[in-house]
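Single-letter residue listing:
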Amino acid sequence: MISLVKNKIKNINKFKIFLIIGLTFFLISNLLNGSIKISKGIIAQDFPYSPTKLFWEGTNVYEYVMEKKDRYTEDKKIILSQNGEYGQIIYLIFYPFTLVDFENAKRIWTIVNIFLSILIPIVLGRYLKLNNIEIFVAILLFVSAYPFRSTVNNGQVSLFTLWFFCLPFIFRSNLAYCLSGIAYAKYNLGVTLFFYLLNNFKKLCLSLIPSLIGWLFYCYYTNTNLIKNIFQPLQAALSTTARPETIFQFLSYFDFMKSLSYVNLIILVLEMIVCFILIFTINKKIKDEFYKLSLVTLTAITFFTHWGHDFVFLLPLALISWKNFNNKLGKINLFFIVYFIYIHGYVMKFLPMININLPGGFTHSILTKSFFLLILTNLLLFKKLNFLEKNQ
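Just so you know, the residues in each chain are numbered from 1, in the order the chain's sequence is written. Only residues with pLDDT of at least 70 are given local features in this predicted model, and only at 80 or more are side-chain atom pairs given and counted; all residues enter the totals for whole chains, interfaces and linings. Excluded from the side-chain calculations are hydrogens and water; all other atoms, namely the structure's heavy atoms, are used.

**Student:** Explain empty space enclosed by the protein residue by residue, including any values.
**Tutor:** Cavity means a closed set of points on a 1 Å grid over the protein atoms alone, one where a 1.4 Å probe fits but cannot get out, pocket means an open set with protein on both sides within 12 Å along at least 5 of 7 lines, and lining means a residue has an atom within 4 Å of a point. Grid points are joined across faces, edges and corners, and a volume is the space filled by probe spheres set on the points. Under the defined criterion, the tally for this structure stands at 3 cavities of 30 Å³ or more. There is about 150 Å³ of room inside the largest cavity. Residue lining of the largest cavity: 14 residues in total, with L141, F142, A145, I337 and I341 positioned closest to the centre. Elements supplying a minimum of two residues to the lining of the largest cavity: α7 (132-144), α8 (146-154), α17 (315-323) and α18 (328-350). Residues are grouped as follows: Ala, Val, Leu, Ile, Met, Phe, Trp, Tyr, Cys and Pro are nonpolar; Asp, Glu, Lys and Arg are charged; every other residue, Gly included, is polar. By residue class, the composition of the lining of the largest cavity is 14 nonpolar, no polar and no charged. Comment: elements are numbered from the N terminus, with helices defined as DSSP H or I runs of at least four residues and strands as E runs of at least two.

Right, here's the structure in full:
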């Protein structure tokens, strides 16, 4: 056993060993701190429990939310901010949670999220042929980071989405492509996977099967018009949720744009066009499947609206950058990721202490533009710096 550990350590350069030891102590302390915060009580404000219950009672969740029917009754159906902002297939998959009360349901969902936080780094790490020590540190890094804690505390489906998002890149079977379509349910992330699969009609059709099943069954069960229901998930989301700053949101600050009633639609269309161009470029230039996954998931959190829990999508890029840590681009990627996941939050808390108050939405604006810059950096430099010379 000791000789096996020694052999594994020999495969890691000295700087990595030093970094692993430092990270391990830092991450364990951070993990304990995060565990204390989580143990104070899981809020699960985004857990789609009440919308799922409403659906299985035969109610069109999207119409219920958009018409704000909770305002007109003492018997509130929506718990916290569970506003049904997901695709129809979610309400079929989450049916088992409706068999127990909310408190027990969110405990079970917390266990599922913790399981996924361990499973995903293991599967991705094995694919990259990282050793057990590196995978262990990756799990520590992942579960001690703010995005994981936010996902668990808010009952989010970001980890759930990431798992299905990764499947076609790792397994590349018809079943994997089919199941990957479940990621479309969280459409602000899933849309980039849709763009990625546009270049292969068969794979795209397979990925659409879950959404098709969810849509047809939802409309049948709630007696909703099929065409009308296609747009209702997005309409419900836009009508209920505050939106953080997006990459092109600055356009709405110009006077000539302020006068336009459809400025948000223009920004959305612009983001979709630029996002599609980037995904097309990634598909064309990158041959390594895992590197594709890393940049597509990075693109997923660069465009459209996101909160901190969605940054679990940085995991694939973090892992491949660690594997290629000796390369300059690997170091650049990890610097960005570590800063925004661990350091940026503390910086933003410190600035008001020295009387530097930044406008609302500024943090998200920095994040999205930095992620955009990171995508461009990778696309422009990966060949020049031989980033994947050991992988390809």
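Moving on from the coordinates now.
**Student:** Quick rundown of a nonpolar patch on the surface? Include the residues and the values.
**Tutor:** Patch membership requires over 30% relative accessible area and the absence of a salt bridge. Like charges are linked within 9 Å, and nonpolar side chains (Val, Leu, Ile, Met, Phe, Trp, Tyr) within 5 Å. With residues, only the protein chains shown are counted as cover, and all accessible areas are computed by Shrake-Rupley using a 1.4 Å probe. Each salt bridge in this description consists of a side-chain nitrogen of Lys or Arg and a carboxyl oxygen of Asp or Glu lying within 4 Å of one another. A cluster of nonpolar residues, L198, L265, V269, I273, F276, I277 and F280, forms a patch on the protein surface that exposes about 640 Å² of accessible area. Each residue is placed in one exposure class: buried if its accessible area under a 1.4 Å probe, protein chains only, is under 20% of its type's maximum, exposed if it is over 50%, and partly exposed if it falls in between. Residue L198 is classed as partly exposed on the basis of its relative accessible area, which comes to 36%.

**Student:** Lay out helix α6 (residues 102-127) in plain terms, naming residues and giving numbers.
**Tutor:** Since there are 3.6 residues in each turn of an α-helix, residues three or four apart along the chain are aligned in direction. Expected span of a helix: the number of residues minus one, times 1.5 Å. Helix length check: α6 (26 residues) gives 37 Å between terminal C-alpha atoms against 38 Å at 1.5 Å per residue, within 8%. Nitrogen and oxygen atoms within 3.5 Å of one another constitute a polar contact, given that in protein one can donate a hydrogen and the other can accept it, and given that sequence-neighbouring residues count only through two side-chain atoms. The backbone nitrogen of E103 has a side-chain oxygen 3.2 Å away, supplied by the residue at the start of α6, namely D101. Immediately beyond the C-terminal end of α6, within one or two residues, lies K129, with a positive phi of roughly 65°.

**Student:** Lay out the packing of aromatic side chains in plain terms, naming residues and giving numbers.
**Tutor:** Put simply, two rings from Phe, Tyr or Trp (the six-membered ring, in Trp's case) pair if the centres are within 6.5 Å, and we call them stacked under 30 degrees between planes, edge-to-face over 60, tilted for the rest. Applying the stated criterion across every chain, the model contains 40 aromatic pairs. Considering the side-chain rings of F165 and F169, the 6.4 Å spacing of their centres and the 5° angle between planes classify their relative orientation as stacked. Linking F165 with F169, this pair stays in helix α9 (residues 158-170), spanning 4 residues, or about one helical turn. F169 shares its class with F165; the two are buried. The rings of F55, W56, Y62, Y91, Y95, F217, Y218, Y220 and Y221 are connected pair by pair, giving a single aromatic cluster. Sitting above the plane of the F325 ring, K331 keeps its charged end 4.9 Å from the centroid. Distance and angle both matter: a charge sits over a ring if NZ of Lys or CZ of Arg is within 6 Å of the ring centre and within 35 degrees of the ring normal.

**Student:** Just give me the short version of unusual backbone geometry, but keep the residues and values in it.
**Tutor:** Phi at N223 is positive, roughly 55°, even though this residue is not glycine. One can find N223 in the loop between α12 (201-222) and α13 (226-240). For N223, a relative accessible area of 73% puts it in the exposed group. Non-glycine residue N386 carries a positive phi angle of around 55°. The topology assignment puts N386 in the segment after α19 (362-381). A relative accessible area of 42% places N386 in the partly exposed class.

**Student:** Pulling in residues and values, what's your account of the side chain of S144?
**Tutor:** Checked against the element boundaries, S144 lands in helix α7. The exposure class assigned to S144 is buried, which follows from its relative accessible area of 0%. At 3.0 Å, the side chain of S144 and the side chain of Y342 are in polar contact.

**Student:** Now, about α7: what can you tell me, with residues and values included?
**Tutor:** Look at α7: 18 Å from first C-alpha to last across 13 residues, which is about the 18 Å you get at 1.5 Å a residue. Listed as buried for α7 are E134, I135, V137, A138, I139, L140, F142, V143 and S144. The distance from a side-chain oxygen at the start of α7 to the backbone nitrogen of I133 is 3.1 Å, and the residue carrying that oxygen is N131.

**Student:** Help me get a handle on the nonpolar core, residues and values and all.
**Tutor:** A general tendency of soluble globular proteins is for nonpolar side chains to be buried together. As used in this record, nonpolar core signifies buried Ala, Val, Leu, Ile, Met, Phe, Trp, Tyr and Cys residues forming a set joined through side-chain atoms within 4.5 Å. In this structure, F47, L124, F160 and Y291 are the most contacted members of the largest nonpolar core, which totals 106 residues. With 10 residues, α9 is the single largest residue contributor to this core.

**Student:** Describe the pattern of salt bridges, listing the residues and the values that go with them.
**Tutor:** Following the criterion strictly, the structure yields 4 salt bridges and no others. Close ionic contact of E63 with K228 constitutes a salt bridge, the shortest N to O distance being 3.3 Å. With E63 in helix α4 (residues 61-66) and K228 in helix α13, this pair connects stretches of sequence that are 165 residues apart. Note that E103 is salt-bridged to K106, the shortest N-O span being 3.5 Å.

**Student:** Account for the environment of I282, with residues named and values stated.
**Tutor:** Secondary-structure assignment places I282 in helix α15 (residues 263-285). In sequence terms I282 and L295 are 13 residues apart; their C-alpha atoms lie 7.3 Å from each other. In what follows, a contact means two residues having at least one pair of non-hydrogen atoms within 4.5 Å. Excluding residues within four positions of it along the chain, I282 makes contact with K292, L295, V296, T299 and L379.

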